[in-house]
Amino acid sequence: MPNLYERDSRVISRLQKLRFFPLAVTGGEGAYLIDEKGRRLLDLSASWGAASLGHSHPALVDALKQAAENQAGASILSSTSEPTVSLAERLLEITPSSGGDERRVWFGHSGSDANETIARSVVAATGRPRLISFSGAYHGGTAGSMAVSGHSVQEHAEKASGLVLLPYPDPFRPYAGDASGGAIIDLLQQKFDEGCPPEEVAALFIEPIQSDGGMIVPPQGFMKRLCELCQSHGILVVCDEVKVGLARTGKLHCFEHDGFMPDLVTLGKGLGGGLPLSAVIGPARIMEFATSFSMQTLHGNPICTAVGHAVLDTIEKDNLAENANRVGEHLQQSLRSLMQKHSIIGDVRGRGLAIGVELVSSRENREPAATAAAKLVYRSFELGLVAYYVGMNSNIIEMTPPLTLTTDEADQAVLILGQALDDVAGGKVPDNILDGFEGW
Ligand code: PMP
């Protein structure tokens, strides 16, 4: 009898696979996944940040049951419903704005459809044809969201016409040797002066931490300077909080760390706690400019929006931003202490429970250690830990665990990682173990 993973490989398309090891999940509880053999694996990914409350959280289960027992339709397109309207009201309340502009909320299923909706509507509503984003940015996997992304995994995708891709400011690998990111601002100014007049640009897409591009935390002050420059030219600032928003970084919104005020905010992943739910919050002049412009049948369905309420309730009631901050600090510190023994760790960075561990072949040359990263996540999986790697060079271990993670669980994760690092360094992980696990 083939096992679950073997059955998967016979029937499920590779087009949607990003596999690092043969993980076959049959259940979950809190920060743990249960695999087909009944093993409990500590989940430091939370399905790329989507399972924000962990697995089978009672608040989520209750909300789901209640919404399904008296289902208020299945869509927002041609009727409205209480959970969807009240979730929009709530998102407007908890998302700061620069004031003045009336705002509206759009609901979708994914970060991809939300960012695609923004990319299309800012261009159509303002009449400005161009967009700016960052090299390494991942804003989604649909045609319109890939068009404004700069991640190497999407090299095949067509880009938005006139898209400007800026280098993302990476303090570990500074652009033009300038760790403040100032050289990138200069570069943009140069583009504004020659070839890309700012009045042709509708919007700037930002990740407040560039996650799939390598969990890169921008230098303090950079985002504020960049946004103010763009906003001074009437360019809308879109902050993609899909992965790092909603309490993950120790504040409700990640952009609060940087003191800038976006014009539009995208939420996804953690908002649905594991269900498909995303949202855009933006100015009415963009969000109201047309009707029937970006819609899918199940958008705003009352089951997902009821769950969105349960996620926000739990974040507030259990003070999960504070937990993410405290446990994240502890986890980062413990990971840094691994650096003494393991010179392969070049950098540990992050905010709250959005953490990256960059692997390098030596700290002097900072050469990315991609194979070691692939082996490390594989070995960690064998030892009971789930984490994946990200980055344009595939060498950053990403940690986006459930926001409910405890310090004991963080300690357990570091023990496993330490063991896995020893095993990789000791040559105990053969090359061929990675066959069929290309990652990205
Ligand atoms: N934005 C960011 C910052 C992301 O990290 C991702 C996914 N990794 C997306 C958008 C796309 O989200 P989804 O895969 O849910 O469509």
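Only a predicted model underlies this, so the values are computations on that prediction, with no experimental measurement involved.

Reading the values: rules and limits
Residues numbered from 1 in each chain as written. Predicted model: local features only at pLDDT ≥ 70, side-chain atom pairs only at ≥ 80, totals over all residues. Heavy atoms only, no water. Near = heavy atom within 4 Å. Polar contact = N/O pair within 3.5 Å; in protein donor to acceptor, adjacent residues only side chain to side chain. Areas by Shrake-Rupley, 256 points an atom, 1.4 Å probe, with all protein chains shown as cover. Helix = DSSP H or I, 4+ residues; strand = E, 2+ residues; numbered from the N terminus. Nonpolar A, V, L, I, M, F, W, Y, C, P; charged D, E, K, R; others polar. Domains from an automatic or database assignment. Contact = heavy atoms within 4.5 Å. Buried area = accessible area lost by both parts, 1.4 Å probe. Expected span 1.5 Å × (residues − 1). Buried < 20%, exposed > 50% of the residue type's maximum accessible area, 1.4 Å probe, protein only. Arc of directions from axis to C-beta. Pairing = 2+ DSSP bridges. Axes fitted to C-alpha atoms, helices over the stretch in contact; angles between N-to-C directions.

**Comments concerning the site of the ligand**
And step 1. In the vicinity of the ligand, 13 residues are found, and the nearest of them are Ser 112, Tyr 138, Asp 212, Asp 240 and Lys 269.
And step 2. Within the backbone of Tyr 138, one N or O atom sits 3.2 Å away from a nitrogen atom of the ligand.
And step 3. Taking 390 Å² as the accessible area of the ligand by itself, protein coverage stands at 84%.
And step 4. The greatest single-element share of the shell around the ligand, amounting to 3 residues, is contributed by helix H5 (residues 111-126).
And step 5. Tallied by class, the residues present in the shell around the ligand amount to 2 nonpolar, 6 polar and 5 charged.

**Things to note about the domain arrangement of the protein**
And step 1. What the domain assignment reports for the protein is domain 1 (4-56 + 319-434) and domain 2 (71-317).
And step 2. If you average the C-alpha positions of domain 1 and of domain 2, the two centres end up 26 Å apart.
And step 3. At the interface, 36 residues of domain 1 touch 36 residues of domain 2.
And step 4. Roughly 2700 Å² is buried in total at the junction of domain 1 and domain 2, and carbon and sulfur atoms are behind 56% of that figure.

**Some thoughts on helix H3 (residues 58-69)**
And step 1. A rise of 1.5 Å per residue sets the reference length of H3, with its 12 residues, at 16 Å; its end C-alpha atoms lie 16 Å apart and thus fit the reference within 8%.
And step 2. Within H3, the full set of buried residues consists of Leu 60, Ala 63 and Ala 67. Taken down its axis, H3 places every buried residue within 65° of arc, on the same side. Set apart from the buried face of H3 by more than 90 degrees, the exposed residues are Pro 58, Lys 65, Gln 66 and Glu 69.
And step 3. Against the buried residues of H3 lie helix H10 (302-317).

**Brief notes about H5**
Residue pairs spaced three or four apart in an α-helix point in one direction, given the helix's 3.6 residues per turn.
And step 1. Here H5 is 16 residues long and its end C-alpha atoms lie 22 Å apart, about the 22 Å a rise of 1.5 Å per residue gives.
And step 2. Along H5, the residues that are buried comprise Gly 111, Ser 112, Asp 113, Ala 114, Asn 115, Thr 117, Ile 118, Ala 119, Ser 121 and Val 122.
And step 3. Two residues or fewer past H5, Gly 127 is found with a positive phi of approximately 75°.

**What to know about the sheet that holds strand S2 (residues 32-35)**
And step 1. Across the sheet, 4 strands lie side by side as S1-S2-S3-S13; this open sheet has mixed pairing. Only two strands of the sheet have a single neighbouring strand rather than two, namely strand S1 (25-29) and strand S13 (385-386).
And step 2. Pairing of strand S3 (residues 40-43) with S13, which is carried by 2 bridges, proceeds in the parallel orientation. Bridged to Asp 43 within S13 is Val 386.

**Topic: the sheet that holds strand S15 (residues 396-399)**
Strands in a sheet are paired, the pairing made by backbone hydrogen bonds, and the direction either parallel or antiparallel.
And step 1. Strand order in the open sheet formed by 4 strands is S11-S12-S15-S14, with antiparallel pairing between adjacent strands. Looking at which strands have only one partner, the edges of the open sheet turn out to be strand S11 (345-351) and strand S14 (388-390). The average angle at which neighbouring strand axes cross in this sheet is 30°, direction not considered.
And step 2. Sheet analysis places S11 next to strand S12 (residues 354-359), joined by 6 bridges and oriented antiparallel. When the bridges of S12 are listed, Val 348 appears paired with Val 357.
And step 3. The strands that helix H12 (residues 370-383) touches are S12, S14 and S15; relative to S14, the one it contacts most, it runs at about 155°.

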